Each structure stands twice: as structure tokens, then as C-alpha cells.
Amino acid sequence: MIDCGLKGRVAIITGANNPEGIGARTALTFAREGASLVLVYKKMKRTFDESKTDRCGADRYFAANAGDATVVEAMLKGINADYLIIEGDLSDEDSVKEIYDKTVEKYGKVDILVNNAADGDMDGIDTIEKITPKVIDDTFSVNVKGTMLMSRELVNRRGDYGR
């Protein structure tokens, strides 16, 4: 295995409750390389058909994002990873600060931030002709505001150990 320089590093990875998603797969890769992980997720309440979750498609995706990080946690336990899991709202400044407070309390620092969380139109209003202000606000709140708040907090807290 190639040494990616992650041993002893602390990584916050957002959007990590979908066991088949980019966040979870990034977490597993980082853990195998020796990083300590803080996985952040928010349950996404979407309507889905349970009978269709056994195959690729929106129902499977919605089901995976509707839960907590239990499946991802089991995967991490299986490889003896060092991790912390936090449910949080990235669009809320106080929640972002709490994520960092808990991380620093446990690990003393944050080296890496993977802004993976995203929200988007999941209610079928995916055209410019039909998009609603609520869909725009919800998408912007996580994809832009959440990313900026998480990044700002990292910069403000990184201290002398950051790059």
C-alpha cells in the first residue's frame, strides 16, 4: 500500500451516512491509511419505496441517506478504525462550531476537511421552469453555506499544525 501521509492525521468527513456513498468510502480509505475520523451526517427525510431499495435508483439512495451512520460505523469497526460520529446541521453555525468542539475535544486538532455533504432537489422539481425557492434555499444552505462554514471554522481553528 502507498503511504499517503494520513497516519496520525485527523479528518472530518461530511455526508458520511450513506454506506455506498463517497463520504463513507473516503472514510474507509482514510482509516486504512491510519487517519482518525470524524464523520458528520444529517438524516435526510425522503419518501422511498422499501421494495425497490435492493437495486440501483432513487429509492435505494433515499433509504441510505434516511438513516444514521450505523452501517458505516460497523464497517469502520470491522477494520479497527479510530472514529467519532456526529449528527449535525452544516447550515447552522452553532452546529458547525459544535462539530469542531467535539473533534478538538477528542483528538486535539483537525488536519483534513472533506466537504462531501450535499443536498439537492429530490422531489422531482429538477427543471428551471419548475424549481421552487425552497429547493434553491435548501440546496444553497448545505452545498454552499455549509461548505463555507465548515471551511471557515477549519481555517480559524487550524493553529500552527495546519498546512
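Structure: above.
Conventions adopted
- Each chain has its residues counted from 1, running along the sequence as written.
- Two thresholds apply to this predicted model, a pLDDT of at least 70 for residue-level local features and 80 or more for giving and counting side-chain atom pairs, whereas whole-chain, interface and lining totals are computed over all residues.
- Where side-chain values are given, they derive from all heavy atoms of the structure, hydrogens and water being excluded.
- Burial classification: accessible surface area is computed with a 1.4 Å probe over protein chains only, and a residue below 20% of its type maximum counts as buried, one above 50% as exposed, and the rest as partly exposed.
- We count a stretch as a helix when DSSP gives it H or I for four or more residues in a row; a strand needs E for two or more, and each element gets its number in order from the N terminus.
- DSSP bridges decide pairing: two strands pair if at least two such bridges lie between them.
- If the strands point away from the viewer and the path from the first strand over the helix to the second runs clockwise, then the crossover is right-handed.
- Criterion for a salt bridge: a side-chain nitrogen of Lys or Arg within 4 Å of a carboxyl oxygen of Asp or Glu.
- Geometry is summarised by axes, namely lines fitted to C-alpha atoms with helices restricted to the contacting stretch, and by angles between N-to-C directions that run from 0 to 180 degrees.
- Contact definition: two residues touch when any of their heavy atoms are within 4.5 Å.

Engineer: Describe the pairing of strand 2 (residues 36-41), and please don't skip the residues or the numbers.
Structural biologist: Taking burial as the measure, the six residues of strand 2 include six buried ones, the bulk of the element. Sheet topology note: the strand 1 (residues 10-14)/strand 2 ladder contains five bridges and is parallel. Within the sheet, the bridge partner assigned to Ile12 lies in strand 2 and is Val38. Note that the unit made of strand 1, helix 1 (residues 22-32) and strand 2 has a crossover that is right-handed. Pairing analysis gives five bridges linking strand 2 to strand 3 (residues 83-87), with the strands arranged parallel. Along strand 3, the bridge assignment pairs Leu37 with Tyr83.

Engineer: Explain the pattern of salt bridges to me, using residue names and the numbers behind them.
Structural biologist: Across all of its chains, the model carries seven salt bridges by this definition. A salt bridge links Lys42 to Asp89, with the shortest nitrogen-to-oxygen separation between them at 3.8 Å. With Lys42 in the loop between strand 2 and helix 2 (58-66) and Asp89 in the loop between strand 3 and helix 4 (93-107), the pair connects residues that are 47 residues apart, well separated along the chain. Residue Asp89 is classed as partly exposed on the basis of its relative accessible area, which comes to 24%. Three or more residues joined by partner-sharing salt bridges are found here, namely Asp101, Glu153 and Arg157.

Engineer: With reference to specific residues and values, describe the sheet that holds strand 3.
Structural biologist: Pairing is parallel across the open sheet formed by four strands, whose spatial order is 3-2-1-4. Whereas interior strands pair on both sides, the edge strands pair on one side only; in this sheet they are strand 3 and strand 4 (112-114). Pairwise comparison of adjacent strand axes, ignoring direction, gives a mean angle of 15° for this sheet. With three bridges joining them, strand 1 and strand 4 adopt parallel strand pairing. Considered in strand 4, the bridge of Ile12 is made with Leu113. In the packing of helix 1 onto the sheet, contacts are made with strand 1, strand 2 and strand 4, and the angle to strand 1 comes to roughly 165°.

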